[in-house]
Amino acid sequence: MGRSSATFSSGLELANFVVSSDLPNHSWAAIQNLYREISQQEGLSPSPSPSVRFKVEQKPNCTIITFLTWPACSKDYIQGGGGDLISSSTLKETFPLFEFLCTKDNPHVSINKAALELFASIRGSLPYLKSQIDNSKPLIVTGNSLGGSIASLFTLSLLETLNFSTTKRPLCITFGSPLIGDDGLQEAISKYPTWNSCFLHVVSDQDPIPRLLISPHNRIGSDSQTNAYKPFGTFLLCSELGCACFEYSQSILDLLKATYLEGPENQNPNQVLELYEEIIKRLQRKETCKDSTLVVRGDIVTESLQANIITELEAIGLVRPQQQQRNMGIDHLITNIEKKEKKLVFMKKQGFNPSKELNGMKVRMAFLEWYKKMSKDKKTGYYDNYKNGNHTSDFEITKHKRALNNYWVEMVDEAEKRPQKEGASFRTRWFFAGTNYRRMIEPLEIAEYYKEGHQRDYINQGRSKHYKKLEQWLNETLEKPASGPNYLKKQNVASNLTEDSCFWAHVEEALISCKLLSSSELSTDHRDKESSKLIDFENYVYSLMKSYAISPEIFLQESTFMKWWKEYKKIIGTSYSSRLTDLMKNVKNYNLYAIGDLEFP
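Residues numbered from 1 in each chain as written. Predicted model: local features only at pLDDT ≥ 70, side-chain atom pairs only at ≥ 80, totals over all residues. Heavy atoms only, no water.

The name given to the protein in an unreviewed UniProt entry is Senescence-associated carboxylesterase 101, with Fagus sylvatica as the source organism.

Okay, here's the thing in structure tokens:
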């Protein structure tokens, strides 16, 4: 095939890289070597049930871990129990190795029973296998038939602990592997290109094993989700004419069915091995289709999409070159693949990209910093200037606040959807920016909530979930702070944001309590309750001040906090004494706090 390649995703880039390298050859050689060693040691006498064999080879430029089942698994064994799937929820207590793949939106993944039981049988060997991984070299994990399923599960188990920023990602190359999981597993892996591109599955058009778990009711070209098993990763479909790679799940299912050329009845393992040996030889001769499933230039899908799909189908024998007329089934298949690949590109274009949008968010945060400084210069304070303002700048701030909220709501949602390990890494990477956003923006939300004067209890009734999550992630990520302030906090207190983004909600509630206590209509029980709330508020404010965790803007004369203090002084009278009220009665303490020189007993 003479056309040049232009890939659009990490999965297809992976396939092009692998095909043009010696990796398939090295992987297949490792499989053959292990088969040869086992045959010499144990002969060809059948065993009642298959067991997993593995071998680690340390090459100069890579580490290869090979998995096989011995004897080679029959079709009946793979289909045992009707191709039963086992849910991760069932394994939660006994074998929770894949629980990290589950998310709030995708709470369960299911894995083929036969593959999982074989993988569980080598559970005791997993620490040894992982200890053989040299992070300075690429890792190749490979296997044939059900051994390929074990290779995929082992690679999946690595995804939880590997840090892709410091470690080379593993590459799992399987030959003739059956499908191993349901749509939950496919979704968990395919959602993240870094994970999905770790898997390359080589499939011969004459090998029945990769097609065993495809439902006979799964009609080619249909969009209905009739198949319990779903493929993930990139599939390299091979025929005598060449190879072509695909990564869209439904297209792969369609093509696995459409490309199958039934071989002799009851093919023995040696015949299947010969199929892949010939594929490796053809790959070495570079007889592969160089067109990717889709050609993309920038963000525009080219008009040659259908031509590229036809070229790939030619490579795997579904379409004859220069064929003038094709049967309607093939035309329908081409149309469906084209539609699905366009959908895949659209989804990738529409995907939330926090890094891409971050610069715009930084500009909006800079505008809010300017607004904060301007409010301080007006002796009003950031919170109260927004709460009371009707100026043009206040309307601009509202627009920036809305855009920042949309961004961080989606950020939090994205992190929640990610599997446990990926989500934790994502949260750690972004929590500093998220904390700064929360401390800057949530006071404005509180100002809007209390602006009309008839609402109470923002924290329980009005607070958005994404603020709660951002605060939770901060608490989970940071160590418990010391009870006293550190030197930098004292030194920079004038420019720091108040650490508790709900501080102004507490102030507003305290002010409401003061107003209620000033009313003669309040019952004794209610008076005691509101008084108790104010004592709690005193202790809360004092603890934050002692840690220099509040902005000194609270002492500006027009602030809501100072309004609370004026009301509270009327209620407590001159004889009342507490740590906070003693501090507040001395106006000099306000300036001392603002420069970080206020000493606390």
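A. Layout of the overall build of the protein. A count of helical and extended segments in the protein gives 26 helices and 11 strands. The buried share of the protein, taken over its 601 residues, is 52%. Restricting to contacts in the protein with at least 6 residues of sequence separation, those with at least 24 account for 76%. (Helix = DSSP H or I, 4+ residues; strand = E, 2+ residues; numbered from the N terminus. Buried < 20%, exposed > 50% of the residue type's maximum accessible area, 1.4 Å probe, protein only. Contact = heavy atoms within 4.5 Å.)

B. A look at the packing of helix α6 (residues 113-120) against helix α8 (residues 146-159). α8 packs onto α6 with a crossing angle of 65 degrees between their chain directions and a minimal axis gap of 9 Å. Judged by the inter-axis angle, α6 sits roughly perpendicular to α8. When you trace α6 past α8, the crossing you get is right-handed. Along the contact surface, α6 presents A115, L116, L118 and F119, while α8 presents L146, S149, I150, L153, F154 and S157. Taken together, the residues that form the contact of α6 with α8 break down as eight nonpolar, two polar and no charged. (Axes fitted to C-alpha atoms, helices over the stretch in contact; angles between N-to-C directions. Parallel < 35°, antiparallel > 145°, perpendicular 65-115°, else oblique. Left-handed = near helix turned anticlockwise from the far one by under 90°. Nonpolar A, V, L, I, M, F, W, Y, C, P; charged D, E, K, R; others polar.)

C. Region of interest: unusual backbone geometry. The backbone of K379 sits at a positive phi, close to 65 degrees, despite the residue not being glycine. Structurally, K379 is set in the loop between α15 (354-377) and α16 (382-388). Of note in the backbone geometry, Y548 takes a positive phi value of approximately 55 degrees without being a glycine. In this fold, Y548 is placed in the loop between α23 (524-546) and α24 (560-572).

D. View of the packing of aromatic side chains. Applying the stated criterion across every chain, the model contains 32 aromatic pairs. Between F54 and F67, the ring centres sit 6.3 Å apart and the planes meet at 55 degrees, which makes this aromatic pair tilted. Here F54, found in strand β1 (residues 51-58), pairs with F67, found in strand β2 (residues 63-70); they are 13 residues apart in sequence, far enough to count as distant. In this structure F54 comes out as partly exposed when scored by relative accessible area, which is 27%. (Phe/Tyr/Trp six-rings, centres within 6.5 Å; stacked < 30°, edge-to-face > 60°.)

E. Geometry of helix α12 (residues 269-284). Taking 1.5 Å per residue, 16 residues should reach 22 Å; α12 reaches 23 Å between its end C-alpha atoms and fits that length. The complete set of buried residues in α12 reads V272, L273, L275, Y276, I279, I280, R282 and L283. (Expected span 1.5 Å × (residues − 1).)

F. Inspection of a positive patch on the surface at higher detail. On the surface, K515, K563, K566 and K569 cluster together into a positively charged patch. In terms of residues, the positive patch owes the most to one element, α24, which gives three residues. Summarising the element assignment, K566 is placed in helix α24. (Patch = residues over 30% accessible without salt bridge, like charges linked within 9 Å, V, L, I, M, F, W, Y side chains within 5 Å. Areas by Shrake-Rupley, 256 points an atom, 1.4 Å probe, with all protein chains shown as cover. Salt bridge = Lys/Arg side-chain N within 4 Å of Asp/Glu carboxyl O. Lys, Arg positive; Asp, Glu negative; His and termini not counted. Charge placed at Lys NZ, Arg CZ, Asp CG, Glu CD.)

G. Looking closely at the sheet that holds strand β6 (residues 171-175). One open sheet holds the seven strands; their spatial order is β1-β2-β5-β6-β7-β8-β9, and the pairing between them is mixed. A single partner strand is all that each edge strand has here, and the edge strands are β1 and β9 (242-246). Recorded for the sheet is a direction-independent mean angle of 20 degrees between the axes of neighbouring strands. Running over the sheet, α8 touches β1, β2, β5 (139-144), β6 and β7 (199-204) and is turned about 150 degrees from β5. (Pairing = 2+ DSSP bridges.)

H. Molecular detail of the nonpolar core. Counting residues in each nonpolar core, the largest one holds 71 residues, and the members touching the most others are F67, F98, F119, F154, L185, L255 and L313. It is α8 that contributes the most residues to this core, eight residues altogether. If we ignore the near neighbours within four places in the chain, the residues touching L313 are F246, L255, L318, V319, I334 and I337. Counting 66 residues, the second largest nonpolar core, distinct from the first, contains V412, L444, I446 and A549. (Core = buried A, V, L, I, M, F, W, Y, C linked by side-chain atoms within 4.5 Å.)

I. Representation of the pattern of salt bridges. Under the defined criterion, the tally for this structure stands at 16 salt bridges. Across the salt bridge formed by E396 and K399, the nearest N and O atoms sit 3.4 Å from each other. On the criterion of helical spacing, the pair formed by E396 and K399 is a turn pair, its members being three residues apart in helix α17 (residues 392-417). Relative accessible area serves as the criterion here: at 29%, E396 is assigned to the partly exposed category. Linking K570 and E567 is a salt bridge whose minimum nitrogen-to-oxygen distance equals 3.7 Å. Taken as a pair, K570 and E567 lie in helix α24 at a separation of three residues, close to a single helical turn. Linked by salt bridges that have partners in common, R456, E509, E530 and K533 make up one network.

J. Molecular detail of the pairing of β7. Of all six residues making up β7, six are buried, and the element is well covered by its neighbours. Of the two faces of β7, the one holding F199, H201 and V203 and the one holding L200, V202 and S204 are both buried throughout. Strand direction decides the pairing type here: β7 and strand β8 (residues 234-239), joined by five bridges, are parallel. The partner of S204 across the bridge, within β8, is C238.

K. A look at the environment of F246. With respect to the helices and strands, the residue F246 is situated in strand β9. Residue classification places F246 among the buried residues on the basis of a relative accessible area of 0%. A C-alpha to C-alpha distance of 5.4 Å links F246 and F235, two positions 11 residues apart in sequence.

L. View of α6. Within α6, the full set of buried residues consists of A114, A115, L116, L118 and F119. One side-chain oxygen at the N-terminal end of α6 lies 3.2 Å from the backbone nitrogen of A114; it belongs to N112. (Polar contact = N/O pair within 3.5 Å; in protein donor to acceptor, adjacent residues only side chain to side chain.)

M. Seen up close, the confidence of the model for the protein. For the protein, per-residue confidence averages 81 on the pLDDT scale, and residues scoring 70 or more make up 80% of the total. Considering each helix and strand of the protein separately, the mean pLDDT is smallest for strand β10 (residues 296-297), with a value of 28, and largest for β5, with 96. Considering only residues more than four positions removed or in separate chains, one finds that residues 1-10, a stretch of pLDDT under 50, has 32 contacts. Here residues 287-303 scores under 50 on pLDDT; set against residues more than four positions off or in separate chains, the count is 51 contacts. (pLDDT = per-residue confidence, 0-100.)

N. Seen up close, the packing of helix α2 (residues 23-42) against α12. Relative to each other, α2 and α12 sit at 150 degrees, their axes nearing to 10 Å. Our classification of the angle between α2 and α12 gives roughly antiparallel. Classified by chirality, the crossing of α12 by α2 is left-handed. Residues P24, N25, W28, Q32 and Y35 of α2 pack against L273, Y276, E277, I280, L283 and Q284 of α12.

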